[in-house]
Amino acid sequence: MISSERLHAIRAFVQAVQAGGFSRAAEQLGLSRSTVGKAVARLEQRLQVRLFQRTTRSLSLTDEGQLFYDDCLKALAALEAAENQLAVRAQTPEGRLRVSLPVLFGQKWVMPPLLALADRYPKLHIEALFSNRAADLAEEGIDLAVRIGSPGDAAAITARQLGEQRQILCAAPGYLTRQGEPSTLAELLQHQAIGLLRDGRSQPWHLLDEQGKAQRLSLPARLRLGNMEAVLGAACVGQGVAMLPRWLAHDALTAGTLREVLPGSCGAGLAINVVWLKGTGMPLRVRVAIDALLAAFTPQAPWQ
């Protein structure tokens, strides 16, 4: 990496060429003439070439000095272009926005506001990764992540809550007409469940009874499915009672395809957060993405 001393010497050299002498360059830089002269002399010593042809009355570039000056101008122009490019980005969101999203929730609820953002800013390129694991933001170069449950290390990340994932019990109206609608956990045990498989095992249901006491229930299940969308589909066609996140069942509940059973029995939910790495500066593309998600989900999430 080029040192600050070398940069100062190059600056003194370029200014001396453009000013036509060390005295005028020193005046323009706010330095003494000897400081400018010594900086150029050190530069010549390091390069092992003479940059100026000096006489008592004039200062002119040698062939090597002219070549070096031309290259310095190109480098300075590149630096100015880089600064201008960043200045433009500070006013208009552009570049790659890399986000990590939970698979189903990300597809259903997070992508629509991000796609609207992409329409609004044509120079913004969105790269969305879908996974239910917590991505390492720093190691994987992630600008933003949406996480359900623990947001992560509070010392390393900043989090803003978008909403809450609450589980509900639900079933199709036709199923409830045939089998009856349970009003207690004891009656629920007489129903068929649609089980969710994780790691080859059907997940038990943790529910609150009529007295608010936590209970662990394992209902009989003819269907045990390894995907929540499959559980939703089976519930909609009347295969039994399902436990689903309200955000996933929202459309079916609104359409009347599903009906909630034993409201409030699933207890507290999990926070849904948008998270990003702490740091001194935030690119505009990240800021507008955070703002878009907060606008879409707060003060009330669309499924609530």
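Scroll up to find the structure.
Everything quoted here is computed from the prediction, not taken from an experiment.

What to know about the packing of helix H1 (residues 4-19) against helix H3 (residues 33-47)
Interhelical geometry of H1 versus H3 gives an angle of 110° and a closest axis separation of 8 Å. Classified by the angle their axes make, H1 and H3 are roughly perpendicular. Like other packed secondary-structure pairs, H1 and H3 cross with a definite hand, here left-handed. Residues Glu-5, Arg-6, Ala-9, Ile-10, Ala-12 and Phe-13 of H1 lie in contact with H3, whose contacting residues are Val-36, Ala-39, Val-40, Arg-42, Leu-43 and Arg-46. Partitioned by chemical class, the residues of the contact of H1 with H3 number eight nonpolar, no polar and four charged.

Some words on unusual backbone geometry
The omega angle of the peptide bond from Thr-298 to Pro-299 is 10°, so this bond is cis rather than trans. Position of Pro-299 relative to the elements: it lies in the segment after helix H11 (284-297). In this structure, Gln-48 is a non-glycine residue whose phi angle is positive, near 60°. The residue Gln-48 is located in the loop between H3 and strand E1 (52-54) in this model. Judged by relative accessible area, which is 71%, Gln-48 ranks as exposed. The backbone of Leu-262 sits at a positive phi, close to 50°, despite the residue not being glycine. Within the fold, Leu-262 resides in the loop between strand E14 (259-261) and strand E15 (270-277).

Remarks on the side chain of Asp-209
As for its position among the elements, Asp-209 is in the loop between strand E10 (205-208) and strand E11 (214-217). In this structure Asp-209 is buried but unpaired, with Lys-213 as the nearest side chain of opposite charge at 6.2 Å. Within polar-contact distance, the side chain of Asp-209 engages the backbone nitrogen of Lys-213 at 2.8 Å. With sequence-adjacent residues up to four places away left out, Asp-209 is seen in contact with Leu-185 and Gln-215.

Section: the sheet that holds E14
Strand order in the open sheet made by the three strands is E13-E7-E14, with antiparallel pairing throughout. Edge positions in the sheet fall to strand E13 (242-245) and E14, since each of these pairs with one other strand and no more. Each strand axis lies, on average, 55° off the axis of its neighbour in the sheet, ignoring direction. Note: strand E7 (residues 167-171) against E14, three bridges, orientation antiparallel. Each residue of the ladder has a partner; that of Leu-169, found in E14, is Val-261. In this fold helix H10 (residues 246-255) packs onto E7, E13 and E14, with an angle of close to 105° to the strand it touches most, E13.

Conventions and cut-offs
- Within each chain, residues carry numbers counting from 1 in the order of the written sequence.
- For this predicted model, a pLDDT threshold of at least 70 governs which residues receive local features, and a threshold of 80 or more governs which side-chain atom pairs are given and counted, while totals over whole chains, interfaces and linings are taken from all residues.
- Side-chain measures here rest on the full set of heavy atoms in the structure, leaving out hydrogens and waters.
- Axis lines are fitted through C-alpha atoms, for helices just across the contact stretch, and the angle between N-to-C directions can take any value from 0 to 180 degrees.
- A run of DSSP states H or I qualifies as a helix once it reaches four residues; a run of E qualifies as a strand once it reaches two. Both are numbered from the N-terminal end.
- Angles below 35 degrees are treated as roughly parallel, those above 145 as roughly antiparallel, those between 65 and 115 as roughly perpendicular, and all remaining angles as oblique.
- Crossings are classed by handedness, with left-handed meaning an anticlockwise turn of the near helix from the far one by less than a right angle and right-handed meaning a clockwise turn.
- Contacts are assigned to residue pairs that have any heavy atoms within 4.5 Å of one another.
- Amino acids outside the nonpolar list (Ala, Val, Leu, Ile, Met, Phe, Trp, Tyr, Cys, Pro) and the charged list (Asp, Glu, Lys, Arg) are all regarded as polar, and Gly is one of them.
- Accessibility here uses a 1.4 Å probe with only protein chains present; expressed as a share of the type maximum, an area under 20% marks a residue as buried, one over 50% as exposed, and anything in between as partly exposed.
- In this tally, Asp and Glu contribute negative charge and Lys and Arg positive charge; neither His nor the terminal groups of the chain are included.
- When a carboxyl oxygen of Asp or Glu lies within 4 Å of a side-chain nitrogen of Lys or Arg, that pair is called a salt bridge.
- Identification of polar contacts relies on pairs of N or O atoms within 3.5 Å, with a donor-acceptor requirement for protein atoms, meaning one able to donate a hydrogen and the other able to accept it, and with residues adjacent in sequence counted only if both atoms are side-chain atoms.
- Any two strands between which DSSP finds at least two bridges are classified as paired.

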